[in-house]
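Here's the letter readout for the chains.
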Amino acid sequence: MFPIRDHNPSGRTPYVTYGLMALNILIFLSYLPLQADQRALFELYAAWAIVPYEVSAGRELHTLFTSMFLHAGLLHLAGNMLFLYIFGDNMEDEMGHLPFFVFYVLTGLAAGMLQVVTDPFSSVPTIGASGAIAGVMGGYLLLFPKAKVDILIIFLVFFRILPIPAWIMLALWFGMQFLGGIASSGAEGGVAYWAHAGGFIAGFVGTVPLWLRRGGPQHWNRTEGRPPHPDATYRFAESRIPKIRK
């Protein structure tokens, strides 16, 4: 189950969102040839990824920023860019271009710091834009809790696109990160659950001033938690694949 789009069109071109996506993709392509050389890849991560025991000792602090632009593989990159594409444009529309960029970076830094705090002696590198994007998702939850998000449900050979309120999808996602963080060990590597949870919380809290300027609870009352404009609509065209009757 993962989101593929929302029904919340933005009112301006999200230049920062597109720029961040392009930057992440270009950086990934720049070191893609190293995927076949594990030693070179290790050296890259040692220089630019968060290694918690280094950061907790006050060294390599720049990696809290640089790690946000590294990804472990194509699927890791594609998943992050999809989430940024879905939720980033609306947050940029509400905040403005430069404030959104600052918000993105700060939530990413907060996500990285929480990952370090929860496992300060780990030597496992942490990379990815997930923490910053989780911050975008946390802010989206506060501003547009009832915006429709289309999720693709896949079960064996069955699949279906189902529109659900954003708060359900985002709450489930956050709950999975929180429980995953409790159940996992940072020493084993894998998903940086606490970075995701930390970024999400930082994004939610960091959006509170904007939400209050919009009227706080009155903002929700005016829009019923939905975007303050008509929903985007999508047509589902019937497949042209011929059907074979039994």
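Here, every reference points to the structure presented above.
Residues numbered from 1 in each chain as written. Predicted model: local features only at pLDDT ≥ 70, side-chain atom pairs only at ≥ 80, totals over all residues. Heavy atoms only, no water.

Caption draft 1: Highlighting the nonpolar core. Core analysis: the biggest nonpolar cluster contains 47 residues, and Phe87, Tyr104, Met137, Met169 and Leu170 have the highest contact counts within it. Contributions of two or more residues to this core are made by α1 (15-30), α2 (38-48), α5 (74-95), α6 (97-118), α7 (130-143), β2 (148-155), α8 (166-183) and α9 (193-213). In this structure, Leu170 is in contact with Phe87, Met137, Tyr140, Leu141 and Phe200, ignoring residues within four places of it in sequence. (Core = buried A, V, L, I, M, F, W, Y, C linked by side-chain atoms within 4.5 Å. Buried < 20%, exposed > 50% of the residue type's maximum accessible area, 1.4 Å probe, protein only. Helix = DSSP H or I, 4+ residues; strand = E, 2+ residues; numbered from the N terminus. Contact = heavy atoms within 4.5 Å.)

Caption draft 2: How the structure looks around unusual backbone geometry. Backbone geometry places Glu60, a non-glycine residue, at a positive phi of 55 degrees. Tracing the backbone through its elements, the reader meets Glu60 in the loop between α3 (52-56) and α4 (63-66).

Caption draft 3: Main features of the packing of aromatic side chains. Per the counting criterion, the structure on display carries 10 aromatic pairs. On the basis of an interplanar angle of 90 degrees and a centroid distance of 5.6 Å, the ring pair of Phe178 and Trp194 is categorised as edge-to-face. On the criterion of sequence distance, the pair formed by Phe178 in helix α8 and Trp194 in helix α9 is long-range, its members being 16 residues apart. The exposure class assigned to Phe178 is partly exposed, which follows from its relative accessible area of 37%. An aromatic cluster is built from Trp173, Phe174, Phe178, Trp194 and Phe200, whose rings are joined through pairwise contacts. (Phe/Tyr/Trp six-rings, centres within 6.5 Å; stacked < 30°, edge-to-face > 60°.)

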